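Survey of secondary and tertiary structure
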Number of protein chains: 2
Amino acid sequence: MATVSDITASATINGLSAILFLVLFGILRLQPMNDRVYFSKWYLKGIRENTKTTGPFVKKFINLDYRMYLKLLNWVPASLKMPESELIDHAGLDSVVYIRIYLLGLKIFVPIALLAFTVLLPVNYTDRNFDILITKVEDLTFSQIDKFSISNVPSGSKRLFVHIFMAYVFTFWTCYMLYREYKIVTDMRLHFLATEKRRPDQFTVLVRNIPPDVDESVSEYVEHFFRVNHPDQYLLHQVVYNANKLAKIVTQKKDLRNRLVYYSNKYERRPNRRPTTKAGFWGLWGKTIDAIDYYSAEIEKLSNKEVEERERVIGDPKAVVPAAFVSFKSRWGAAVCAQTQQTRNPTHWITDWAPEPRDVYWDNLSMPFMELNIRRVLMAGAFIGLTFFFMIPIAFVQTLANIESIEKVVPFLKPIIDGGTMKPIIQGFLPGIVLKIFLILLPMILMEMSKIEGYFTISTLESRAAGKFHLFLLVNVFLGSIVTGTVLQQIQVFLKESPSEIPKIASVAIPMKATFFITYIMVDGWAGIAAEILKVVPLIIFHLKNIFLVKTEIDREEATDQGSLLWATYEPRMQLYFLLGLVYSTVTPILLPFIIVFFAFAYLVFRHQVINVYDQKYESAASYWPDVHRRIIIGLMISQILLLGLLSTKQALHSTPFMLVLPVLTFLFHRYCKSRFESAFRKFPLQDAMIKDTLENAREPHLNLRTYLRGAYIHPVFKGLELDTSMDVYEDDNPVVATTRRSHKGSSGELSSILVV
Amino acid sequence: MATVSDITASATINGLSAILFLVLFGILRLQPMNDRVYFSKWYLKGIRENTKTTGPFVKKFINLDYRMYLKLLNWVPASLKMPESELIDHAGLDSVVYIRIYLLGLKIFVPIALLAFTVLLPVNYTDRNFDILITKVEDLTFSQIDKFSISNVPSGSKRLFVHIFMAYVFTFWTCYMLYREYKIVTDMRLHFLATEKRRPDQFTVLVRNIPPDVDESVSEYVEHFFRVNHPDQYLLHQVVYNANKLAKIVTQKKDLRNRLVYYSNKYERRPNRRPTTKAGFWGLWGKTIDAIDYYSAEIEKLSNKEVEERERVIGDPKAVVPAAFVSFKSRWGAAVCAQTQQTRNPTHWITDWAPEPRDVYWDNLSMPFMELNIRRVLMAGAFIGLTFFFMIPIAFVQTLANIESIEKVVPFLKPIIDGGTMKPIIQGFLPGIVLKIFLILLPMILMEMSKIEGYFTISTLESRAAGKFHLFLLVNVFLGSIVTGTVLQQIQVFLKESPSEIPKIASVAIPMKATFFITYIMVDGWAGIAAEILKVVPLIIFHLKNIFLVKTEIDREEATDQGSLLWATYEPRMQLYFLLGLVYSTVTPILLPFIIVFFAFAYLVFRHQVINVYDQKYESAASYWPDVHRRIIIGLMISQILLLGLLSTKQALHSTPFMLVLPVLTFLFHRYCKSRFESAFRKFPLQDAMIKDTLENAREPHLNLRTYLRGAYIHPVFKGLELDTSMDVYEDDNPVVATTRRSHKGSSGELSSILVV
């Protein structure tokens, strides 16, 4: 176990590194050459332009005005200044609600910490379990921190009822804040949707799993189906092309063009020598050739291939996938179609609200129903495998976290570790960083797994990946750290116990693991967030691109990667802090200030980033909130169950009924919130649709929706082309449905089934 | 443990009593005086009339034709003869699909039994676990039956893999049959709905939780809301009156009228003496008064009260509950409204398909959202309490089931029990019957609990009560019998084990409990079904009524209680047989023939009853099938888990992965069936609605739906009155909505919110 001085050392290191990052950020952001990285959002909006260079050339890159450097922390008040409503206009509701989660963390934990420090800390500290233990056991090691934790209260003590009471108070407070926040976010979402400008997705429904038809093409079949079944509301539809191959060619071409630009630039700078490359893989081997000629020829080849493929896709009826975007004359019509079942077979003609065009994940639109199911089952299996496979490296990391354990295992290392300044460094940095490398790679793997599962919007993909990551963090970082760490200390006990004993072991280990988690919060939370604001990787990439690829201002614009909030990575990690705060609020409240510092710091940093840097790829109007709510509830219930286990090992068995009520009540609270609020995030009520329709009709009676919606949902590779993917055979609202269907027996369409029934 | 001779004795007794019941039934049904009880459905349909009495007077009551008695079992082929399609017309889809469940039992268990008898029985019988045990332990008691069970295979034997393989075969067969049946029932339901005649509920939606409005009455508010939000489809609506008090008065009056008739009849038979009664409670004490005068006066009083209350209900706006039946111009409009969310607040304006008028449970229509939730939580708690409180009497019953245990506890009873013929009687009858009495009372309690939960259709009430009963039978009859029975045998072991050991104990006890369950099947199943066809209680009640209350033919018609299939009682009990069959198919297959006999016999009897007796109170078009399917799946998974536990105690631990796969696969199968079929039982697809609408428009273009639907949903106490509960202010389809709303700020209606947004 780490001592107080270890914690102090670690806090100093991490605090200093955080401050170092901030100072660096303060300096870097003032340099004009970094302007595009640290204020990318403003460039994107066209508000910030490249500053005219008046003065010496160097001023274009480096800020020489020393007064500016005196106000290094200027960005802090600036980022807090913008009011929320303006921020929604500026950055979208997704980002604003995301920042509110950090604020929610503060709202939950600041009062809890105050209460815990005034009530629980004195109760724990004035008891004397460790004093008793010391007299009994000789070589017991424990730190000062443990004197502030529940471990200092002896078994069977009446003082444990204070902890139970506080668990109730904390639960009620957390639930109250969650309820309030759910209500606020729901209102924000509904207001946002109600005041939103006209968008194609408001009128459109995505239809998947269109059954094959022998007589009609997909496009004709869709047209007929919706003309028959939504006669007053159907407007037009757009079929979906399977352009995955074409998209790949376009990406390849872009890559080649970058290389061409790189070599052209090189040639321009040193016109005396033509740049060369090698013909083999990635230009690494093969015979040497002229680079500019080679890449020009390659691009030419690919361009031809692209044109060919494009023609094939548009011409070939097999390139049309059995899915379509169907648009209606009003939002009401779309709301009706999205919420109802179309045919007897619920696996055909599946309708959903269309995602906004940039949210569509085109590759997955053609997945058949059975294949989807099988893919999801397989991925669930793969995910379980992944989760438990990762246990092994994590367990290895945890051995490093515990220097005393190492010393016991390899005693000859003891003088080295104890002697120098090694110990606090190892203790403070190493375990967090090794874990970190795992965790950085993981979200990408999980995202790929979600793509295989076949979800068709980027927002769903991110939310699914986030769900997996959350579960992974729960099992491996939280439970894994607790149980595995204890295994090394109590390996003999563990081998004798049955699997059902693991929860008990976990709850016993929790107070012991407080110091480990404090270190984790500092490394992952404090220093991690400070690194976030510095944006090291995008900064380096921007400057590399700037040197090698940029010729014109447009190139420079393209070189700027604004990036976006990586929801699937950040949110589950944040949930870990909620979980830690809730678990330790009754057990070792001394951990809470570290969490509060994290939430406050993160709130500040992300507010700054959202204002100045990030550009969201899509806007889901905070549709992720039910997930956030559910995960905090899960954390709350885990904390209650662990406290229950802990108390039962403390021989406060008559407290069990009191502690059993708590998770049940929490679950009922969750059920209530779900039934009260969740539908606002899943369905679009008809009344709201009708109000928006009515208002629009009154304001713009002559609006031509058909021209507005036509081409709204075309695959991005077709963007800019004069390609009309929508079928407009019936420009006038002719109610007679032309059909190419031959009238033979057994055809399965809707018209013939009228005759059959 | 019961020996083979005990089982034989029990089988003889139960078989004989079943045959006795059948002979009795054969005789009784031939008597003209019982005709109305045994052929009540035909009377109800008007096909069977009271036979003209040609011949001696006695022939009116008793059948003297001896030739009829020679064909006692004539009803068997007769009840099998009617083809299924005709049966649907005759008795409705609910009853037909109900009978199919018994047939499904046969389809599942006959092949399983054949396979088990050819494969598993020889495998078990030729092993020699008991031979080994006998040489080791002196006083081990086991019966011949156990030699046919898995108990005869020693631990760690390779033969256990035959059982695992058979578990796979049985699972796949059961799932295949379940899938096939789900598909057939879905098709039957969809066909039934498609060919169904025009019914009010096809056009109607039940709206609940209409929010209070300061300016408008419920009726006006509903009118405006739907005119605005479903402008093209809304037709009319009917408000719901809180007539619970009025309904109570009507029932009281009917009861008093029965008494009056009784005394009038008495007076007619003995005109020399006026019948008297007593003024006190139920005519049991108080001063003696003239009965006819007294009841006439009482009826008079109640009639006045009824008129008063009726006027109050119709006149008082507070008697209108915040719920309404809203009818649309087409089935399409109703389908849309039922499947969509109306407003932002999902707890207001909740829309559901309207149940058919006779299916409505009027008392519960006014429940507010929060109250509903609280009631359901409380009832869930009460049900858990009930389930575990019942454990005590059941445990007591089980001590009786085990004569050997009694003899060990009270040795002086031994000569009495062993000496006479007592033993087989006690063994065969007592445990089953005591259990039976508990179980007869239970469904009524559970039904009342479901009513408190606030469901508003009789079909849902029955399905909820069935769900509770099923859980109760699972916990108390199945698990309770197994675990408690074993507790008495192994009380010392049990006290030492932790609660997590119970599943293991259960699986060990299963083979031992086979004989108990065989007895249970014979008593509850065989004899119970035979008693069902005899309809003793309705027969007695009919004859009593006939003697005391009947004057005219109409009275006699009213005295006949056709009864209906008690879904909430029969279905969960039947599920117990599915569970027993699945659990014992691999463990003690000798139990299977008893189950097959039960299913075959029950199929026969219920087919007869459905044709000749029962009259369903409502028609839900087999909407209960997903429940049936789910419960059989639950039984299948329980059987797999118990076999897993049993095998792990048999030291076939390397078999665990094979056995773990099985419940996972079964669960995935269930998920697939759910996504594939369940929506056909929950939602009404728009295409089907459109087809029916189109056909109807073509056939009856001038149909006046308004007159057809008006008054379809009025409370039964208002039936027959010329009461117009629907609001018809806008007979012509005037799109302008008149409003009584004062235009003040903050009113919450839909029109003002248009202005506010």
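Residues numbered from 1 in each chain as written. Chains lettered and ligands numbered in written order. Predicted model: local features only at pLDDT ≥ 70, side-chain atom pairs only at ≥ 80, totals over all residues. Heavy atoms only, no water.

1. Remarks on the overall build of chain A
The helix and strand inventory of chain A stands at 33 helices and 6 strands. Every one of the 757 residues in chain A was classed for burial, and the buried ones make up 54%. By element, 65% of the accessible surface of chain A is carried by carbon and sulfur atoms, the whole surface being about 34,700 Å². (Helix = DSSP H or I, 4+ residues; strand = E, 2+ residues; numbered from the N terminus. Buried < 20%, exposed > 50% of the residue type's maximum accessible area, 1.4 Å probe, protein only. Areas by Shrake-Rupley, 256 points an atom, 1.4 Å probe, with all protein chains shown as cover.)

2. A short note on the interface of chain A and chain B
The extent of an interface is frequently quoted as the accessible surface area lost upon association of the parts. Contacts between the two partners involve 42 residues from chain A, matched on the other side by 42 residues from chain B. Overall, the association of chain A and chain B removes approximately 3,900 Å² of surface from exposure, summing both partners, and the carbon and sulfur fraction of that is 63%. There are 2 salt bridges connecting chain A and chain B. Note that A:D688 is salt-bridged to B:R344, the shortest N-O span being 2.8 Å. Applying the counting criterion to the chain A and chain B interface returns 16 residue pairs in polar contact (both at pLDDT 80 or more). Counting residues per element, the ones that place at least two in the side of chain A that touches chain B are α10 (160-195), α11 (218-229), α14 (331-339), α15 (369-389), α30 (656-682), α31 (686-699) and α33 (750-756) of chain A. (Contact = heavy atoms within 4.5 Å. Buried area = accessible area lost by both parts, 1.4 Å probe. Salt bridge = Lys/Arg side-chain N within 4 Å of Asp/Glu carboxyl O. Polar contact = N/O pair within 3.5 Å; in protein donor to acceptor, adjacent residues only side chain to side chain.)

3. Notes on the sheet that holds strand β5 (residues 320-328) of chain B
Residue and element names in this part refer to chain B. The sheet built from 4 strands is open, its strands ordered β2-β5-β1-β6 with antiparallel pairing. The sheet is open, and its two edges are formed by β2 (234-241) and β6 (350-353), each paired on a single side. Going from strand to strand, the sheet's axes swing by 30° on average, the running direction of each strand aside. When β2 meets β5, the two strands line up antiparallel, connected through 7 bridges. (Pairing = 2+ DSSP bridges. Axes fitted to C-alpha atoms, helices over the stretch in contact; angles between N-to-C directions.)

4. Side note on the environment of B:P368
Relative to the elements of secondary structure, B:P368 occurs in the loop between β6 and α15 (369-389). For B:P368, a relative accessible area of 40% puts it in the partly exposed group.

5. Thoughts on the state of the cysteines
Simply put, disulfide is the name for a covalent bond between the sulfur atoms of two cysteines. Considering all chains together, one arrives at 0 disulfides over all chains under this definition. For the unlinked cysteine A:C337, the closest cysteine sulfur is that of B:C337, found at 16 Å. A:C673 carries a free sulfur, and the closest cysteine sulfur to it, the one in A:C175, is 7.6 Å from it. Residue A:C673 is classed as buried on the basis of its relative accessible area, which comes to 0%. (Disulfide = S-S within 2.5 Å.)

6. Digging into the sheet that holds strand β5 (residues 320-328) of chain A
Residue and element names in this part refer to chain A. Reading across from one edge, β2-β5-β1-β6 is the order of the 4 strands in this open sheet, with antiparallel pairing throughout. Only two strands of the sheet have a single neighbouring strand rather than two, namely β2 (234-241) and β6 (350-353). Recorded for the sheet is a direction-independent mean angle of 30° between the axes of neighbouring strands. Relative to β6, strand β1 (residues 204-208) is paired through 4 bridges, and the arrangement is antiparallel. Considered in β6, the bridge of V207 is made with T351. Running over the sheet, α14 touches β1, β5 and β6 and is turned about 130° from β6.

7. Considering a nonpolar patch on the surface
A surface patch of nonpolar side chains, about 600 Å² in accessible area, is lined by A:V536, A:V537, A:I540, A:I541, A:L544, A:I547 and A:F548. Note that A:L544 resides in helix α25 (residues 536-548). (Patch = residues over 30% accessible without salt bridge, like charges linked within 9 Å, V, L, I, M, F, W, Y side chains within 5 Å.)

8. Quick look at the nonpolar core
One finds A:Y98, A:F599, A:W625, B:Y98, B:F599 and B:W625 to be the most contacted residues of the largest nonpolar core, which totals 289 residues. What A:W625 contacts, discounting residues up to four positions off in sequence, is A:V97, A:I101, A:L104, A:E181, A:Y182, A:V185 and A:F681. (Core = buried A, V, L, I, M, F, W, Y, C linked by side-chain atoms within 4.5 Å.)

9. Brief notes about the packing of aromatic side chains
All names here are of chain A. Within the structure shown, the criterion is met by 68 aromatic pairs over all chains. Ring centres of F109 and F599 lie 6.0 Å apart, and the angle between their planes is 10°; this geometry places the pair in the stacked category. Highlighted residues: F109 in helix α7 (residues 93-125) and F599 in helix α28 (residues 592-612), separated in sequence by 490 residues. Across the pair, F599 and F109 agree in class, each one buried. Aromatic pair Y294 and Y295: ring centres 5.0 Å apart, planes at 70°, arrangement edge-to-face. With relative accessibility at 24%, the residue Y294 sits in the partly exposed group. By relative accessible area, which is 4% here, Y295 ends up buried. Here a set of aromatic residues connected by ring pairs shows up, and it is made of Y98, Y102, F109, W567, Y570, Y577, F578, F598, F599, F606 and Y624. Cation over ring: R198 sits above Y708, and NZ or CZ is 5.1 Å from the ring centre. (Phe/Tyr/Trp six-rings, centres within 6.5 Å; stacked < 30°, edge-to-face > 60°. Lys NZ or Arg CZ within 6 Å of the ring centre and 35° of its normal.)

10. Here's the deal with the relation of the copies chain A and chain B
Take chain A, turn it by 180°, move it 0.0 Å along the axis, and it overlays chain B with an RMSD of 0.1 Å. In symmetry terms, the pair is related by a two-fold rotation axis. The fraction of interface residues of chain A whose copies in chain B are also interface residues reaches 100%, indicating that both copies meet through the same surface. (Least-squares fit on C-alpha atoms with pLDDT ≥ 70 in both.)

11. What to know about the packing of helix α6 (residues 84-91) of chain A against α7(A)
Residues and elements named next belong to chain A. Two elements in contact, α6 and α7, have axes whose closest approach is 7 Å; the angle formed by their N-to-C orientations is 130°. The pairing of α6 with α7 is recorded here as oblique in orientation. Residues E84, L87, I88 and A91 of α6 form the contact with α7, whose participating residues are L93, S95, V96, I99 and R100. Residues of the contact of α6 with α7, tallied by class, amount to 6 nonpolar, 1 polar and 2 charged. (Parallel < 35°, antiparallel > 145°, perpendicular 65-115°, else oblique. Nonpolar A, V, L, I, M, F, W, Y, C, P; charged D, E, K, R; others polar.)

12. Structural notes on helix α14 (residues 331-339) of chain B
Counting buried residues in α14(B) gives 9 out of 9 residues, a clear majority hidden from the surface. Taken together, the buried positions of α14(B) are B:R331, B:W332, B:G333, B:A334, B:A335, B:V336, B:C337, B:A338 and B:Q339.

13. Points about the confidence of the model for chain A
All names here are of chain A. Mean pLDDT over chain A works out to 78, with 75% of the residues at or above the 70 mark. pLDDT under 50 marks residues 137-141. Its contacts with residues more than four places away, or in other chains, come to 3 contacts. Confidence over residues 723-735 falls short of pLDDT 50; this stretch has 29 contacts with residues more than four positions distant or in other chains. Across the assembled chains, the prediction reports ipTM 0.79 with pTM 0.81. (pLDDT = per-residue confidence, 0-100.)

14. Concerning unusual backbone geometry
When glycine is set aside, most residues are seen to have a negative phi, and most peptide bonds are trans. Residues and elements named next belong to chain B. Positive phi values are uncommon outside glycine, yet W349 reaches one of about 50°. The topology assignment puts W349 in the loop between α14 and β6. We classify W349 as buried; its relative accessible area is 4%. Residue A622 is not a glycine yet carries a positive backbone phi of 60°. Looking at the secondary structure, you find A622 in the loop between α28 (592-612) and α29 (625-649). Judged by relative accessible area, which is 0%, A622 ranks as buried.

15. Side note on helix α31 (residues 686-699) of chain B
Helix length check: α31(B), at 14 residues, gives a terminal C-alpha distance of 20 Å against a target of 20 Å (1.5 Å per residue), a fit within 8%. For α31(B), the buried fraction is high: 10 of the 14 residues fall into the buried class. (Expected span 1.5 Å × (residues − 1).)

16. Some remarks on the environment of B:V537
Within the secondary structure, B:V537 is located in helix α25 (residues 536-548). A sequence separation of 161 residues divides B:V537 from B:R376, and the C-alpha atoms of the two residues are 34 Å apart.

17. Comments concerning the pattern of salt bridges
Residue and element names in this part refer to chain A. Per the stated rule, a full pass over the model turns up 53 salt bridges over all chains. Salt-bridge contacts for D352 lead to R208; the nearest nitrogen and oxygen are separated by 3.0 Å. Of the two residues, D352 sits in strand β6 while R208 sits in strand β1, which places them 144 residues apart along the sequence. Between E453 and K468 there is a salt bridge; the shortest N-O distance is 2.7 Å.

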